[in-house]
Amino acid sequence: MYELLATERHEFIIQKLEADRTVRVKDLAAELSVTEKTIREDLALLEERGLLVRIHGGARLLESEQALLPIGLRKQSHLDRKRTIAEHAVKHIEENDTIILDGGSTLLELARLIPDIPLTVITNDLHIMQEIALRQHVHLYVLGGSRAAGTSSLVGEDAEQKLKQFLVRKAFIGATCVHRQYGLSLITHAEVTLKKTMIERAEQVILLADSTKWNKIGLFPFARFDEVHIPITEAGIQKS
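Bear in mind that the values here come from a model prediction, so they are computed numbers and not experimental data.

Q: With reference to specific residues and values, describe the nonpolar core.
A: If you look at the biggest cluster of nonpolar residues, it comprises 47 residues, and the most contacted ones within it are Ile39, Leu43, Ile173, Val178, Leu184, Leu207 and Phe222. Core analysis: the second largest hydrophobic core is formed by 23 residues, Ala89, Ile93, Leu101 and Leu208 among them.

What follows is the structure, encoded as C-alpha cells:
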C-alpha cells in the first residue's frame, strides 16, 4: 500500500479542516494509515505554521483575522486591502506591455482596474478572463487546463506548456504565504508548478500579497523571495 508523504498528509489534514472545522487524531490516523504519534507531530507542525490550533484529541481552525483558513472565507475577506494593493499594482502596467495575471481575488481586483489600452494579458483565471474580455484594446490569452478545486484557476500540464510559449515583461502573482527566508508558498499543491513557470517566463515579477500573508510559511514553496522584483502590500511597495 502506498504511504503518503508528509506534505500529502498535511494537505489532507487541511482539506479535512476546511470541510469539518475540527479533526480528531484518532480519525486521521485511521484514514491515513499512520500512527497517532505521527498525526500529533503533523498537527504540531501545522500549528507552528499558523494553520490550526491543537485541542485535546485533535485540532480546530484558527479563528483570527490573520488566519489563512478557511480558504474560501479568506478570499472573500479584506476586500479593501485587496483593492488598495490593486491600485498600487496597476501603476506598473504600461501601454503595449505583455503581462501575466495569476489567479486569485487580489489579482481580480487588479484586472478590474486595468484600462482599455493596447496590452497583452495572459491569465489562467476564469474570473479574470471574463473581466478582461470586456476590454476592446486588450489582447487576451487564456491558458487551458483543469480547474483547481475550490478556485477559478486553470492548472495542469496544458496550462504550463501553453505558458512556455510566451516571454512576458511582467508577471503579477499571488501567494498564500510570504516569508523573507523561506520564500513564497502555498498550502495546496495544485498551482505550484504553474506559478513557477509564470516566474520563469517573466522579466519582472510583481507580488501582490496583503499583510496577513507575510511572515507565514506554507506547505508547498514555489519561489525564493529574491525572485520577486516588486512586492506590494496594502501599505504600498514593501521594502525588500
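From this point, things continue past the structure.
Q: Outline the pairing of strand S12 (residues 202–208), supporting the account with residue identities and numerical values.
A: A regular strand places its side chains so that they alternate between the two faces of the sheet. In terms of residue burial, S12 counts as a mostly covered element, since 5 of its 7 residues are buried. Inspection of the sheet shows strand S9 (residues 168–173) paired to S12 by 5 bridges, in the parallel sense. Residue pairing in the sheet places isoleucine 173 in a bridge with leucine 207 of S12. With 3 bridges connecting them, S12 and strand S14 (residues 230–233) associate as parallel partners.

Q: Can you explain the packing of aromatic side chains? Please cite residues and give values.
A: Counted according to the given criterion, the structure contains 2 aromatic pairs. Their ring planes at 65° and their centres at 4.9 Å tell us that tyrosine 141 and phenylalanine 166 sit as a pair that is edge-to-face. Of this pair, tyrosine 141 sits in strand S6 (residues 138–142) while phenylalanine 166 sits in the loop between helix H8 (157–163) and S9, and the two are 25 residues apart along the sequence. The exposure class assigned to tyrosine 141 is partly exposed, which follows from its relative accessible area of 29%. Relative accessible area serves as the criterion here: at 13%, phenylalanine 166 is assigned to the buried category. Ring centres of tryptophan 214 and phenylalanine 225 lie 5.9 Å apart, and the angle between their planes is 75°; this geometry places the pair in the edge-to-face category. Separated by 11 residues along the polypeptide, tryptophan 214 in the loop between S12 and strand S13 (220–223) and phenylalanine 225 in the loop between S13 and S14 bring together distant segments of the chain. As far as the burial class goes, tryptophan 214 and phenylalanine 225 line up, both buried. Over the ring of phenylalanine 222 we find lysine 195, and its NZ or CZ is 5.5 Å from the ring centre.

Q: Give a description of helix H2 (residues 25–32) that names residues and reports values.
A: By the burial criterion, the buried members of H2 are Val25, Leu28, Ala29 and Leu32. One side of H2 carries all its buried residues, which in axial view fall inside an arc of 100°. Away from its buried face by more than 90 degrees, H2 exposes Lys26 and Ala30. Among the structural elements, helix H1 (6–20), strand S1 (22–24), helix H3 (36–48) and strand S3 (58–60) are those in contact with the buried residues of H2. At the C-terminal side of H2, serine 33 shows a positive phi close to 60°.

Q: Before we move on, could you go through the packing of H1 against H2 and cite the residues and values that matter?
A: The contact between H1 and H2 brings their axes to 12 Å, and the two run at 130°. In terms of orientation, H1 and H2 fall into the oblique class. Our pair here, H1 against H2, has a crossing hand that is right-handed. Facing H1, whose interface residues are Arg9, Phe12, Ile13 and Lys16, H2 presents Leu28, Glu31 and Leu32. A class-by-class count of the residues in the contact of H1 with H2 yields 4 nonpolar, no polar and 3 charged.

Q: Tell me about the sheet that holds strand S5 (residues 119–123), and please be specific about residues and values.
A: One open sheet holds the 7 strands; their spatial order is S6-S5-S4-S9-S12-S14-S15, and the pairing between them is mixed. Since the sheet does not close on itself, it has two edges, and those belong to S6 and strand S15 (236–237), each with one partner. Across 5 bridges, the pairing between S5 and S6 is parallel. For valine 121, the partnering residue across the bridge sits in S6 and is leucine 140. Helix-sheet contacts for helix H9 (residues 192–200) involve strand S4 (98–101), S9 and S12, and the interaxial angle to S12 is about 130°.

The rules we used
Residues numbered from 1 in each chain as written. Predicted model: local features only at pLDDT ≥ 70, side-chain atom pairs only at ≥ 80, totals over all residues. Heavy atoms only, no water. Core = buried A, V, L, I, M, F, W, Y, C linked by side-chain atoms within 4.5 Å. Buried < 20%, exposed > 50% of the residue type's maximum accessible area, 1.4 Å probe, protein only. Helix = DSSP H or I, 4+ residues; strand = E, 2+ residues; numbered from the N terminus. Pairing = 2+ DSSP bridges. Phe/Tyr/Trp six-rings, centres within 6.5 Å; stacked < 30°, edge-to-face > 60°. Lys NZ or Arg CZ within 6 Å of the ring centre and 35° of its normal. Arc of directions from axis to C-beta. Contact = heavy atoms within 4.5 Å. Axes fitted to C-alpha atoms, helices over the stretch in contact; angles between N-to-C directions. Parallel < 35°, antiparallel > 145°, perpendicular 65-115°, else oblique. Left-handed = near helix turned anticlockwise from the far one by under 90°. Nonpolar A, V, L, I, M, F, W, Y, C, P; charged D, E, K, R; others polar.

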